[in-house]
Amino acid sequence: VMYFLQYLEHCGYGNLLSFWKEVQNLSIVSITELDETIKHIYTQYLALGSEYCIYPDVDLLKEVERTLGNDTGECLDALAKLQEVVSHEIQEQHYESFIHSESFREFMEGEAENEEMKSLIRYNRSMSPAVNANEDNMYHKKLKTLKKELHAKETTLAIIPRTRSDTITQVRILEKGRNEIQEEIKQLQRYIEHTEE
């Protein structure tokens with residue numbers, strides 16, 4: 001996800017993902033702050049001349065403006081429709097170009113390096129049962145890295161559609177990677193707990 005975010009920022013489309021996230025976070029905003037948060041989203045991403053304008057579909061923008069401050073439920077529905085359009089744009093236009101970009105190649109090379117690191121850790125464990133302080137520190141760093149990777153995969157899974165056959169394959173690969181990371185985190189946490197006893 002980090003590479004995809006960097007790619008979007010580099011191409012000038014980071015505001016789309018930021019908008020998507022802010023609308024997604026409306027579900028956890030308290031009811032007393034909801035109207036103010038909606039106005040903030042409108043001012044930040046939708047209003048003419050806004051700092052991070054996403055240049056939305058005119059009809060959907062009019063629907064948001066018509067309901068803004070009048071009917072929170074309808075406004076949320078209009079924002080959800082707009083979020084869906086943005087999500088579709090991210091997936092159909094920008095994710096496809098990301099897959100063929102230099103950023104994606106760097107991401108895949110990083111994944112390969114992670115696999116090499118996993119093999120090295122397994123090898124070190126089998127060759128030397130005594131764990132020194134440097135190795136302990138290495139395991140804690142690896143755990144932190146794995147948690148970041150897990151968060152990145154979960155974020156990516158949240159925005160990828162599950163309707164097209166080619167993205168369904170991508171989702172399955174991401175889910176498999178997420179499950180492997182979750183298992184590796186559990187094993188590493190057990191190992192750390194065991195060696196710290």
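So, how was this worked out
Residues numbered from 1 in each chain as written. Predicted model: local features only at pLDDT ≥ 70, side-chain atom pairs only at ≥ 80, totals over all residues. Heavy atoms only, no water. Core = buried A, V, L, I, M, F, W, Y, C linked by side-chain atoms within 4.5 Å. Buried < 20%, exposed > 50% of the residue type's maximum accessible area, 1.4 Å probe, protein only. Helix = DSSP H or I, 4+ residues; strand = E, 2+ residues; numbered from the N terminus. Contact = heavy atoms within 4.5 Å. Salt bridge = Lys/Arg side-chain N within 4 Å of Asp/Glu carboxyl O. Phe/Tyr/Trp six-rings, centres within 6.5 Å; stacked < 30°, edge-to-face > 60°. Expected span 1.5 Å × (residues − 1). Bend = angle between axes of the 7 residues up to and from the residue. Polar contact = N/O pair within 3.5 Å; in protein donor to acceptor, adjacent residues only side chain to side chain.

A.B. asks: How do you make sense of the nonpolar core when you look at a structure like this?
C.D. replies: Nonpolar side chains tend toward joint burial in soluble globular proteins. Counting 30 residues, the largest nonpolar core has Phe19, Leu46 and Leu79 as its most contacted members. Looking at this core, the elements with two or more residues in it are helix 1 (2–11), helix 2 (14–24), helix 3 (34–46), helix 4 (58–67) and helix 5 (72–99). If one sorts the elements of this core by residue count, helix 5 sits on top with nine residues. Those residues in contact with Phe19, other than ones at most four positions away along the chain, are Ile41, Tyr45, Leu46, Ile54, Leu79, Leu82, Gln83 and Val86. Grouped together as the second largest cluster of nonpolar side chains are seven residues, Leu143, Leu146, Leu150 and Ile181 included.

A.B. asks: Before we go on, may I ask you to explain the pattern of salt bridges in this structure?
C.D. replies: Pairs can form between side chains of opposite charge whenever their charged atoms are close. Under the defined criterion, the tally for this structure stands at two salt bridges. Linking Arg66 and Glu74 is a salt bridge whose minimum nitrogen-to-oxygen distance equals 3.4 Å. Overall, the relative accessible area of 51% leaves Arg66 in the exposed class. With a relative accessible area of 35%, Glu74 lands in the partly exposed category.

A.B. asks: Quick question: what am I supposed to make of the packing of aromatic side chains here?
C.D. replies: Each aromatic ring pair is summarised here by two numbers: the centre-to-centre distance and the angle between the ring planes. By the definition in use, this model includes two aromatic pairs. Ring centres of Phe19 and Tyr45 lie 5.7 Å apart, and the angle between their planes is 70 degrees; this geometry places the pair in the edge-to-face category. Note that Phe19 is positioned in helix 2 and Tyr45 in helix 3, a separation of 26 residues in sequence. On the accessibility criterion, Phe19 (0% relative accessible area) is buried.

A.B. asks: What is the right way to look at the side chain of Gln44 in this model?
C.D. replies: Relative to the helices and strands, Gln44 is located in helix 3. Exposure remark for Gln44: the relative accessible area of 19% places this residue in the buried category. Look past the residues within four positions of Gln44 in its chain and what remains in contact with it is Ser50, Glu51, Tyr52 and Cys53.

A.B. asks: Quick question: what am I supposed to make of the environment of Glu74 here?
C.D. replies: Relative to the elements of secondary structure, Glu74 occurs in helix 5. Taking the C-alpha atoms as reference, Glu74 lies 8.1 Å from Val64; in sequence the two are ten residues apart.

A.B. asks: So what exactly am I meant to see when it comes to helix 5 here?
C.D. replies: Three or four residues apart is the spacing at which side chains of an α-helix point the same way, because the helix has 3.6 residues per turn. Taking 1.5 Å per residue, 28 residues should reach 40 Å; helix 5 reaches 38 Å between its end C-alpha atoms and fits that length. Gln91 marks the point of greatest bend in helix 5, at about 30 degrees. One side-chain oxygen at the N-terminal end of helix 5 lies 3.1 Å from the backbone nitrogen of Gly73; it belongs to Asp71.

Shape descriptors only; they carry no functional weight alone.
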